[in-house]
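Residue-level listing of the chains:
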Amino acid sequence: MDLRYTAAEQQFRADLREWLGDVLPGLGPEPHREDWEARRAWDTGWQRMLYDAGYAGINWPKEFGGRGATPAEHLIFIEETERARAPYVGMNFVGLLHAGPTLIAEASDEQKAFHLPGILKGEHVWCQGFSEPNAGSDLASLRCRAVRDGDDYVVNGQKIWTSYGHMADYCEMLVRTDTEVPKHKGISWLIVPMKTPGIDIRPLETMEGTAEFCEVFFDDVRIPVVNRVGDENDGWRVTMVTLSFERGTAFVSDVLESMELVRDLAELAKTITSNGATRWEDAGLRREIGRIAAEFDALWALTKRNISQAQRTGLVGVGGNVFKIAWSDLRQHLGDVTMRLLDRASLSLDDVSELPTGRHIHARFYAISMTIAAGTSQVNRNIVGERVLGLPKDR
Amino acid sequence: MDFELTDDQVSLQEGVRAFLDGRFPLDTVREIEAAGHLDRGRWAELGETGVFSITLAEADGGLELGVSEAALVFEELGRALVPGPLVATFLAAPWIDGAATGETIVGRFEPGTPVSVLEHPADLDALFTLTSDGVRRIEPATIATRPVERPIDALTPLGIVDGDVPAGELIADAAAAERARLVGIVLTSALQLGLALRSTELATAYAKEREQFGRVIGSFQAVKHLCADMLVRAEVARAAVYAAAVALDGRSDDDPVRAAAAAKILAGDAAIANGKTGIQVHGGIGYTWEVDAQRFWKRATVLDTHFGNSDEHAEAVAAML
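Position numbers for residues start from 1 in each chain and track the written sequence from start to end. Chains carry letters from A onward and ligands carry numbers from 1 onward, assigned in written order. It should be noted that, the model being predicted, local features are given only for residues of pLDDT at least 70 and side-chain atom pairs only at 80 or more, the latter also being counted only at that level, while totals for whole chains, interfaces and linings use all residues. Heavy atoms throughout the structure, all of them, feed into the side-chain values; hydrogens and water do not.

Draft legend 1. Layout of the packing of aromatic side chains. Residues and elements named next belong to chain A. Stacked, tilted and edge-to-face are the three classes assigned to paired rings of Phe, Tyr and Trp, where Trp is represented by its six-membered ring and a pair needs centres within 6.5 Å; plane angles under 30 degrees give stacked, over 60 edge-to-face, the rest tilted. Within the structure shown, the criterion is met by 13 aromatic pairs over all chains. Arranged with centres 5.5 Å apart and planes meeting at 85°, the rings of Trp-161 and Phe-213 form a pair that is edge-to-face. With a gap of 52 residues between them, Trp-161 in the loop between strand S3 (152-159) and strand S4 (170-176) and Phe-213 in strand S7 (residues 213-224) connect regions that are remote in the sequence. Relative accessibility under 20% of the residue-type maximum defines a buried residue, over 50% an exposed one, and the middle range a partly exposed one, all with a 1.4 Å probe and only protein chains included. Trp-161 sits in the partly exposed class, given a relative accessible area of 48%. By relative accessible area, which is 22% here, Phe-213 ends up partly exposed. Linked through ring pairs, Phe-12, Trp-19, Trp-46, Tyr-55 and Phe-77 together constitute an aromatic cluster. Only when the NZ atom of a Lys or the CZ atom of an Arg is both within 6 Å of the ring centre and within 35 degrees of the ring normal do we say a charge sits over the ring. Lying over the aromatic face of Tyr-153, Arg-148 brings its terminal NZ or CZ to 5.8 Å of the ring centre. The residue whose ring lies beneath Arg-202 is Phe-217, and the NZ or CZ to ring-centre distance is 3.9 Å. Elements are defined by DSSP. Helices are runs of H or I of four residues or more, strands are runs of E of two residues or more, and each kind is numbered from the N terminus.

Draft legend 2. Examining the side chain of Glu-260 of chain A more closely. All names here are of chain A. Mapped onto the elements of the fold, Glu-260 is located in helix H7 (residues 252-271). By the criterion applied in these results, polar contacts are pairs of N or O atoms within 3.5 Å in which, for protein atoms, one can donate a hydrogen and the other can accept it, and in which residues neighboring in sequence qualify only through two side-chain atoms. Polar side-chain contacts of Glu-260 include one of 2.9 Å to the side chain of Arg-85. Contact criterion: two residues are considered in contact whenever any of their non-hydrogen atoms come within 4.5 Å of each other. Among residues more than four places away in sequence, those in contact with Glu-260 are Arg-85 and Arg-359.

Draft legend 3. Representation of the state of the cysteines. All names here are of chain A. Here, two cysteine sulfur atoms that lie within 2.5 Å of each other are counted as a disulfide. Taken as a whole and assessed by the stated rule, the structure comprises zero disulfides over all chains. Not part of a disulfide, Cys-127 finds its nearest cysteine sulfur in Cys-171, a span of 3.8 Å. Unpaired in this structure, Cys-214 has its nearest cysteine sulfur neighbour in Cys-127, at a distance of 7.9 Å.

Draft legend 4. Focus on the interface of chain A and chain B. Each side of the interface is counted separately: chain A has 50 residues, and chain B has 50 residues. In this description, buried area is defined as the sum, over both parts, of the accessible area (probe of 1.4 Å) that is lost when the two are combined. Here chain A meets chain B over a buried area of about 4,600 Å², counting both sides, of which 62% is carbon and sulfur. Definition used for salt bridges: Asp or Glu carboxyl oxygen within 4 Å of a side-chain nitrogen of Lys or Arg. At the junction of chain A and chain B, the tally comes to nine salt bridges. Notably, a salt bridge pairs Asp-297 of chain A with Arg-258 of chain B, separated by 2.7 Å at the nearest N-O pair. At the junction of chain A with chain B, the criterion picks out 23 residue pairs in polar contact (both at pLDDT 80 or more). Elements with a minimum of two residues in the side of chain A that touches chain B: helix H3 (71-83), H7, helix H8 (283-313), helix H9 (319-342) and helix H11 (377-388) of chain A. With 20 residues, the top contributor of residues to the side of chain A that touches chain B is H8 of chain A.

Draft legend 5. The arrangement of the pairing of strand S2 (residues 145-149) of chain A in detail. Residues and elements named next belong to chain A. Strands qualify as paired when DSSP identifies two bridges or more between them. Bridge analysis of S2 against S3 gives five bridges, and the strand direction is antiparallel. Residue Ala-146 lies in a different strand from S3, and its bridge partner there is Val-155. Joining the antiparallel neighbours S2 and S3 is a turn of two residues, in which Gly-150 adopts a positive phi near 65°.

Draft legend 6. Main features of the sheet that holds strand S3 (residues 126-131) of chain B. Residue and element names in this part refer to chain B. Strand order in the open sheet formed by four strands is S1-S3-S4-S7, with mixed pairing between adjacent strands. Each edge of the open sheet carries a strand with a single partner, namely strand S1 (106-108) and strand S7 (169-172). If you compare each strand with its neighbour and ignore which way they point, the axes differ by 35° on average. Of the strand pairs in this sheet, S1 and S3 are connected by three bridges, and their pairing is parallel. From the neighbouring strand, Arg-108 faces S3, where its bridge partner is Phe-128. For helices, the fitted axis covers only the stretch in contact; all axes are lines through C-alpha atoms, and the angles between them, taken along N-to-C directions, range from 0 to 180 degrees.

Draft legend 7. Spotlight on the sheet that holds strand S6 (residues 158-161) of chain B. Residue and element names in this part refer to chain B. Spatially, three strands are ordered S2-S6-S5 in an open sheet, and the strand pairing comes out antiparallel. Only two strands of the sheet have a single neighbouring strand rather than two, namely strand S2 (117-119) and strand S5 (145-147). Each adjacent strand pair in this sheet contributes to an overall mean axis angle of 35°, direction not counted. Two strands pair when backbone bridges link them, and S2 and S6 are joined in this way by three bridges, in the antiparallel orientation. Along S6, the bridge assignment pairs Glu-119 with Leu-158.

Draft legend 8. Quick peek at the nonpolar core. In this structure, Leu-46, Phe-74 and Leu-77 of chain B are the most contacted members of the largest nonpolar core, which totals 192 residues. The biggest single contributor to this core is helix H7 (residues 221-248) of chain B, with 19 residues. Dropping the residues within four chain positions of it, Leu-77 of chain B is found in contact with Leu-20, Leu-46, Val-51, Val-82, Leu-86 and Leu-191 of chain B. We define the nonpolar core as a collection of buried residues of types Ala, Val, Leu, Ile, Met, Phe, Trp, Tyr and Cys that are connected through side-chain atoms lying within 4.5 Å of one another. One finds Ala-146, Val-155, Cys-214 and Val-216 of chain A within the second-largest nonpolar core, a separate group that totals 24 residues.

Draft legend 9. Summary view of the pattern of salt bridges. Under the defined criterion, the tally for this structure stands at 52 salt bridges over all chains. Among the ionic pairs, Arg-299 of chain B bridges to Asp-153 of chain B, the shortest N-O distance being 2.9 Å. Residue Arg-299 of chain B is found in helix H9 (residues 293-304), and its partner Asp-153 of chain B is found in the loop between S5 and S6; the two are separated by 146 residues along the sequence. Several salt bridges converge on common partners, so that one network encompasses Arg-286, Arg-287 and Arg-291 of chain A together with Asp-269, Asp-311 and Glu-315 of chain B.

Draft legend 10. Local environment of empty space enclosed by the protein. All names here are of chain A. Here a cavity denotes grid points, spaced 1 Å and computed from the protein atoms alone, that fit a 1.4 Å probe unable to get out, and a pocket denotes an open set having protein on both sides within 12 Å along at least 5 of 7 lines; residues with an atom within 4 Å of a point are the lining. Grid points are joined across faces, edges and corners, and a volume is the space filled by probe spheres set on the points. Evaluated as defined, the whole model comprises six cavities of 30 Å³ or more. One number sums up the size of the second largest cavity: a volume of about 60 Å³. Together, Leu-261, Arg-331, Leu-334, Gly-335, Thr-338, His-360, Ala-363, Arg-364 and Ala-367 line the second largest cavity. Elements with a minimum of two residues in the lining of the second largest cavity: H9 and helix H10 (358-370). Taken together, the residues of the lining of the second largest cavity break down into four nonpolar, three polar and two charged. Only Asp, Glu, Lys and Arg are considered charged in this grouping, and only Ala, Val, Leu, Ile, Met, Phe, Trp, Tyr, Cys and Pro are considered nonpolar; every other residue, Gly among them, is considered polar.

Draft legend 11. H9 of chain A, seen in detail. Residues and elements named next belong to chain A. Here the expected length of a helix is defined as 1.5 Å per residue gap, with one fewer gap than residues. Compared with the 34 Å implied by 1.5 Å per residue over 24 residues, the 34 Å span of H9 between its first and last C-alpha is a close match. Across the 24 residues of H9, 19 count as buried, placing the element largely inside the fold. Residue Asp-343 follows H9 closely and has a positive phi angle near 50°.

Draft legend 12. Broad picture of the packing of helix H4 (residues 67-79) of chain B against helix H6 (residues 174-209) of chain B. Residue and element names in this part refer to chain B. Interhelical geometry of H4 versus H6 gives an angle of 40° and a closest axis separation of 7 Å. On the basis of their axis angle, the class for H4 and H6 is oblique. The interaxial crossing formed by H4 with H6 has right-handed handedness. Here H4 contributes Val-67, Ala-70, Ala-71, Phe-74, Glu-75, Leu-77, Gly-78 and Arg-79 to the contact with H6, which in turn contributes Arg-179, Val-183, Val-186, Leu-187, Ala-190, Leu-191, Leu-193, Gly-194, Leu-195, Leu-197, Arg-198 and Glu-201. Oblique is the label for any angle not covered by the other classes, which are roughly parallel (under 35 degrees), roughly antiparallel (over 145) and roughly perpendicular (65 to 115). By the definition used in this description, the sense in which the near helix is turned from the far one sets the handedness, with an anticlockwise turn below a right angle giving left-handed and a clockwise turn giving right-handed.

Draft legend 13. Geometry of the packing of H9 of chain A against H10 of chain A. Residue and element names in this part refer to chain A. At their nearest, the axes of H9 and H10 sit 8 Å apart, and the two run at 145° to each other. The element H9 and its partner H10 pack so that their crossing is left-handed. Contacts between H9 and H10 involve Lys-324, Trp-327, Ser-328, Arg-331, Gln-332, Gly-335, Asp-336, Thr-338, Met-339 and Leu-342 on the former and, on the latter, His-360, Ile-361, Ala-363, Arg-364, Ala-367, Ile-368 and Met-370. Partitioning the contact of H9 with H10 into residue classes produces eight nonpolar, five polar and four charged.

The following block contains the structure:
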């Protein structure tokens, strides 16, 4: 066990830090969260800068245009970009972290040659068409139908929770290609161009009143068979490649962001007064925040354990599920404390009376989605109970 | 950066586990409990195995290893529910003769609120206390204690300290005392981690064999999720404890003071919560003396009071924000 970085890792950090110091001051102000066109330009523009500097696809293999960095270097990359407040992966998320890795693992040479550079250069934004209104935790029960007609699949059905669907160029999509076999065995994985006729994209308003997610409706949408990745009806296996990525290193920057949130909340508590004393003078609140900070420290350490395991074995394993359960619960706890601490100032989604509260309220809302997205905490607890502890399935 | 255990660390931990499985099975722990005092023969065996001399120089009969290795060993001691002043005797190894070899049982006096207690008063050959000016050795016989008739952990007999405690003789400086405090926190956390892990194992094993409504209770999600949460708490605590140990060894950029506080909070909370949940998973039989689940919760409550409880460490972390 050694948490010190090697000379090569330190050099990687120093070079990256220098580059960030050079380019970030020239970047304009970050657009508003709900100005979608501007956000797309911002996110993909940043991706192009990363590409030109050789940092795009940091953990992708070199032969597919990535940097081929080790998991530890990937961690350093996220640490440094977060520290420097560089733009987040944003709309490039699905392409870089889901679709890209799946294409690398499963796609044909032609598919890779066309799509991977588009993702790396920030030319193409991807979205994910997995979940359906009746296929959430039980994803394999999805019903969006694709029927073969000549060289095309004709797709009919609905997808939901499609982040940035209205801004995306391509969709990684799961469709049912066989209804006569057990549910996992009749699914195929398609690359769907979002401009194809018959696709209707409608924003789905979240409980925060924003439209980050979309519902996507497919009405006789013709998708060429050559857009299928992997064999027909082998899409579930192809999907598992993607989902294991999602539960692996995808949350690293969120831990760092959470630690910063806690520090900022502590600062805020020192400036807000209630009944003649600052909120920070409330020993109960102060200890609760101290405890939450310690728990995030522990999750940062767990992240390093997971990364080290990935470095040795290539897999994150169950550490990813353990992390997801603990981290999302902790974000919910932080959210509750945030609301209590801010008291009446917690009642607005935007900053009130010059106090920088809006960010904390947004984080509180977002935390509510964290125990649901990427596998609900309940599904994750089943996975831990069954696959790690060996408890029997309840079917 | 590589946070995985080295091959040597894995074999050290496996070796200690094999030793403890053989010499400190839970049956033996229950016998020690019934006897009401520590087993000196077995304490000496712990010493021979190197439990108290892991970090001592080879010239002093030690293994010359780090706090990381000591934490792995103490995790196993916690897992086995080994009773006695393990951390105190470990810390005393450089200062008090016979501590390293297990010939001398050394306790630590920690002034407490609302009362001060001394653990294992009848078993102690030597005693020290950590103060701001250094480590002070106190003769156990010079402290007047009144036995507690029913200590909550029957494996941790207690005496209430009446009257003044002598200042004692200064045997190491303030820096040594502060270092001992940090190492003590981390090794106590490692014991707590071991408790949390074993509680999980015992509860899971029971959930796999106990049948109600015609099937094993571990197939019910309500029970399965209790067990999953135990594992989550233990694994998060493990990361915190190992990170603190590595920081004390100087093999990390983390602040060792904050890392130690975080370890004590996470491992302390995990040990108590898993102890409690372990009893819950056992149901009614879990509330009886014969089942071991309760012993883990009891030890967890004792260790939470060592070197500051989790609230005090939460306060300390808050002050570092």
